[in-house]
Amino acid sequence: MCACRCGINVHIRDDENGVPKIRYIEGNRDHPINKGVLCAKGSAGIMQHYSPARLSKPLKRVGERGEGKFEPIEWDEALEMATGWLSDVRKKDPKKLAFFTGRDQSQSFTGWWAQQYGTPNFAAHGGFCSVNMAAGGIYTFGGAFWEFGSPDWDKTELFVIFGVAEDHDSNPIKIGLSKLKERGVKAIAVNPIRTGYNAIADEWVGITPGTDGLFVLSLVHQLIKAGKIDVDYLIRYTNAPWLVIDNPDGNDHGTFARDKEGNALVLDRKTGKAVAYNKKGVKPDLQGSVSVKRGIKARPVFELLANKYSDEKYAPENVSEATGVSANQIERIASEIAEAAFDKEIVIDQPWTDMKGEKHDKMIGRPVSFHAMRGIAAHSNGFQTCRAIHILQILLGSIDCPGGFRFKPPYPRPVHAQPAPHGGGEAGKPLAGPQLGFMRGPEGMLLEDDGITPQRIDKAYSWDAPMSSHGLMHMVIPNAHARDPYGIDVLFMYMANMAWNSSMNSNGVMKMLTDKDENGEYIIPKLIYSDAYSSEMVAYADLVLPDTTYLERHDAISLLDRPISEPEAMCDAIRWPVFEPDREVRGFQSVLLDLGARLGLPGMTNEDGSAKFKDYADYITNHQRKPGVGPLSGWRGKDGDKTGRGEPNPDQIKRYIENGGFSESHVPKEALYYKHANMAWQNWAVEMGMQDAPVENVFQLYLEPMAKFQLCAAGKMEPKAPESHRKRIEDCFDPLPDWYAPFEGTGIDTDEYPYHALTQRPAAMYHSWGSQNAWLRQIHGDNPMYIPGEICDEAGLEDGDWAWITSYHGKIKVPVRRMSAVNQKTLWTWNAIGKRKGAWSLSPNSPEATKGFLLNHLINELLPAKNDGYRWSNSDPITGQAAWFDLRVRVEKADAEQALSQPQFDQQLNPGHEAPADLSYGKEWTK
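Rules used throughout
Residues numbered from 1 in each chain as written. Predicted model: local features only at pLDDT ≥ 70, side-chain atom pairs only at ≥ 80, totals over all residues. Heavy atoms only, no water. 1 Å grid on protein atoms, 1.4 Å probe; cavity = no way out; pocket = protein on both sides within 12 Å on 5 of 7 lines; lining within 4 Å. Points joined across faces, edges and corners; volume = space filled by probe spheres on them. Helix = DSSP H or I, 4+ residues; strand = E, 2+ residues; numbered from the N terminus. Pairing = 2+ DSSP bridges. Axes fitted to C-alpha atoms, helices over the stretch in contact; angles between N-to-C directions. Patch = residues over 30% accessible without salt bridge, like charges linked within 9 Å, V, L, I, M, F, W, Y side chains within 5 Å. Areas by Shrake-Rupley, 256 points an atom, 1.4 Å probe, with all protein chains shown as cover. Salt bridge = Lys/Arg side-chain N within 4 Å of Asp/Glu carboxyl O. Lys, Arg positive; Asp, Glu negative; His and termini not counted. Charge placed at Lys NZ, Arg CZ, Asp CG, Glu CD. Buried < 20%, exposed > 50% of the residue type's maximum accessible area, 1.4 Å probe, protein only. Contact = heavy atoms within 4.5 Å. Polar contact = N/O pair within 3.5 Å; in protein donor to acceptor, adjacent residues only side chain to side chain. Nonpolar A, V, L, I, M, F, W, Y, C, P; charged D, E, K, R; others polar. Core = buried A, V, L, I, M, F, W, Y, C linked by side-chain atoms within 4.5 Å.

Draft legend 1. Expanded view of the layout of surface pockets. Size it by volume and the second largest pocket reaches roughly 780 Å³. Every residue lining the second largest pocket is counted, 26 residues in all, and those nearest its centre are Ile 235, Arg 236, Tyr 277, Lys 356 and Glu 358. Looking at the lining of the second largest pocket element by element, the count peaks at four residues for helix H10 (residues 231-237).

Draft legend 2. Highlighting the pairing of strand E15 (residues 296-300). Taken together, the four bridges between strand E11 (residues 243-246) and E15 define a ladder with antiparallel strand orientation. For Ile 245, the partnering residue across the bridge sits in E15 and is Ala 298. In terms of strand pairing, strand E14 (residues 290-293) meets E15 through three bridges, oriented antiparallel. Opposite Val 290, over in E15, you have Ala 298 as the bridge partner. Between E14 and E15, which pair antiparallel in sequence order, lie two residues; one of them, Arg 294, sits at a positive phi of approximately 50 degrees.

Draft legend 3. How the structure looks around the sheet that holds strand E25 (residues 555-557). Strand order in the open sheet made by the three strands is E25-E26-E27, with antiparallel pairing throughout. Edge positions in the open sheet fall to E25 and strand E27 (662-666), since each of these has one partner strand only. Strand after strand, the sheet turns through a mean of 10 degrees between neighbouring axes, direction not considered. Pairing geometry for strand E26 (residues 569-575) and E27, over five bridges, is antiparallel. Following the sheet pairing, Ala 569 is matched in E27 by His 666.

Draft legend 4. Region of interest: a negative patch on the surface. A surface patch of negative charge is lined by Asp 311, Glu 312, Glu 317 and Glu 331. Note that Glu 331 resides in helix H13 (residues 327-343).

Draft legend 5. Local environment of the environment of Tyr 486. As for its placement among the helices and strands, Tyr 486 is situated in the loop between helix H16 (476-482) and strand E22 (490-494). Assessed through its relative accessible area of 11%, Tyr 486 is described here as buried. It is 9.8 Å that separates the C-alpha atoms of Tyr 486 and Lys 95, two residues lying 391 residues apart in sequence. Not counting chain neighbours up to four residues away, the residues in contact with Tyr 486 comprise Lys 95, Lys 96, Asn 121, Pro 454, Gln 455, Arg 456, Ile 457, Asn 479 and Ala 480. Among the polar contacts made by the side chain of Tyr 486, one reaches the side chain of Asn 121 at a distance of 3.0 Å.

Draft legend 6. Main features of unusual backbone geometry. Between Glu 718 and Pro 719 the backbone carries a cis peptide bond, its omega angle lying at -5 degrees. As for its placement among the helices and strands, Pro 719 is situated in the loop between helix H22 (704-713) and helix H23 (723-732). The peptide bond linking Gln 902 to Pro 903 adopts the cis configuration, its omega dihedral lying at 5 degrees. Summarising the element assignment, Pro 903 is placed in the segment after strand E33 (888-894). A positive phi angle, near 60 degrees, is found at Arg 5, a position not held by glycine. For Arg 5, the location among the structural elements is in the segment before strand E1 (8-14). A relative accessible area of 9% means that Arg 5 is categorised as buried. A positive phi angle, near 65 degrees, is found at Lys 459, a position not held by glycine.

Draft legend 7. Structural context of empty space enclosed by the protein. Overall, the coordinates contain nine cavities of 30 Å³ or more when judged by the stated rule. Here the largest cavity is characterised by a volume of approximately 250 Å³. As for the largest cavity, its lining consists of 24 residues, of which Met 1, Tyr 494, Met 495, Tyr 550 and Arg 553 are closest to the centre. Taken as a whole, the second largest cavity holds about 180 Å³ of empty space. In this structure, the second largest cavity is lined by 23 residues; those nearest its centre are Gly 163, Asn 191, Gly 375, Gln 760 and Phe 885. Those elements that place two or more of their residues in the lining of the second largest cavity are helix H14 (374-377) and strand E28 (755-760). The class makeup of the residues in the lining of the second largest cavity is eleven nonpolar, eight polar and four charged.

Draft legend 8. Just the nonpolar core, in detail. By size, the foremost hydrophobic cluster in this structure holds 150 residues, and its most contacted members are Tyr 139, Phe 162, Phe 215, Phe 302, Leu 305, Phe 370 and Met 467. With residues up to four places along the chain from it excluded, the contact list for Tyr 139 reads Phe 383, Val 415, Phe 438, Met 439, Met 467, Ser 469, Gln 700 and Leu 703. Leu 97, Ala 556, Phe 588 and Ala 617 belong to the second-largest nonpolar core, a separate cluster that totals 50 residues.

Okay, structure coming up:
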């Protein structure tokens, strides 16, 4: 139901007819994620389960796409239809299936299914949400914020939060912030909007959207200037001493100098010579120059870094205007960070041994911690901004130390320990490996033989977005519609409301889904969609496979997927059915296994062709990704006495249920910190099945793959970048974190569109799945546009007025609320509250349909046209992250006589249940 994945206890009582019904839902106090804390979403899960919007039977389209005209059919017919479509494609050209899932929490399974099918065209919601967070962190230090790491709430002495709304990881953050309040620890919030966490912070930095990276690099400038960096940490754990070749005319410029074995070289302080970084006893220098070959010089990464960020262009007074943050505030925050890191050093008397075999008698902490999320990620400069924050942490020495950012198992996991992406695909055969992964360099791009044409429909891992670890879900439908790089035969989607709030340019995407070719056939020929509710996207499907609610199915919250561990413990969990469905619905994961067996996919059928797994619960229990390692880590082995590694245990799910739904294995004390360099952690991670051998993790302040892309852009390295892409690679792919202005603002007249416009996820909603919940709708029934007072005064707006908000792409009419606690160049609203009439079983006159609205109608998936004729996606050029926070707009007062948001669309027919006029629950218990 929500990506936070808190533990809950569901209390059930029979109603007057003897039918079991939910009495109430409470937090599970033993659960490692939320420890009993529950938000509005969790408590209101009752109305999520009993929603009138639930689908009840498979549906076959009988009208035009988008109308919502369907004929109910039986499951046998639905599965035969889907199998026929999918089988035809697999026999001819598997890549003509595009299989994309939304906020699916079983992506290791759905990705494996797509791999066995043989299509490279698989990805999930990450590219539309926050791939920059994952990619920026893993490429830099082998971890990332949120699911891969956490602040050390109990020991930190200063906490800084960037771009975080209230939806993701909400209960753990609330618990953590309460700990800070109890200890009197200062929290600084960097966000254009002061709501939620930002409202209770001790200091708010109301930054201009898209300039977080510039603000952070100004902090770095101040720390370098003051000498407040942890030099010993940099030498021990990072590539700061590695030598970078200075050969501007050569094909090795900007790459690391290496010995014959491929080891990076450093400048030895004693001898003044270049030696391997891992040579025993070497003491590297952080500055200087040395000849590495044929008179070519090389310098340490740190010298390049220090020279770059010492530039006065990063001085607080020189970034103040762009960031909207005063020079005094930047200077003071930098001083407070330095004070907390170095004057409040934490020392723990805990011996440990590093991976070089060197013994340490203490663990030393720099108690400054950071957290960041979508607000910094969803910009065209987001990857570099995420990297800048991590560089700041690393310079302080605050990664995985007491009081700093801490890894969550199974992380750290650097790039070379991650899978590489796989493309290609042959008729009737599985792919050689997973579709998604982390590229090591330009040679790993997924291109056709011409070295230019992308293999994937979304153009991931191509020149458009070469390091796109999560794919570009927002470009699947536009590219398939444009047949660029090719057309597809079947679009198969799960939990992805692409016809509404999960697309930029929602109106345009709706048209793309309904457009026909010269023969009167849909340009995207077949569309299979699975969801539990009658969303806007359901109306555009040719075949609807109805999913269960979250209380009617099994799920694995797996270490193979999106972990729920804490820094002190390896954790995973399950969901199990509270009810059997009272409708003809089936869990999507079980349906996918059924389809896999019907298609004869490897790993899903036995030798005799029969289905290998009865359902998803059977898969969770018996599937092995590799010998001894499966979806769940707890109670493995035939007797259930093994953890991490072991044979499948037929009673595994039963054991999880007996334990409250989760497994928790505590990290040994000597492995609690410095996991990136701690031999005890490495040994334990191998024992627990999280990795197969010790993994070296040298933090990458300087990213060599980026330097190689710049060499490709300069025509000095193969594959040579096409002319159309060279300038933006040169401008954006700096191996050291850089800041450049967001793309939309540089491609339009900002005098005409002077303001920024943003959305935030409210704490009480989880995307559109929450905003059809009867109880949660009472908190957020509509979503006004919050506009700063100065802009209101200039446009003549007061509370309750209506305004036209116009971008270069579109125009919307919205209700207005005046707000002061917001960056004065920024307007904003809650996301995904607005609904299309007829969707979600809501009344056509509901406030969501009449007053609610989406900013998506203002955003194009493509950037403003340039003279080069290329279709540039509105994305980060490095990772492909959708840049929907780059939006620029203007504001004008609208006629308030018709209090109706615009645009409005034809009412779609509702294939779900009609909601009663008075929707209530539990009256029988109030007597």
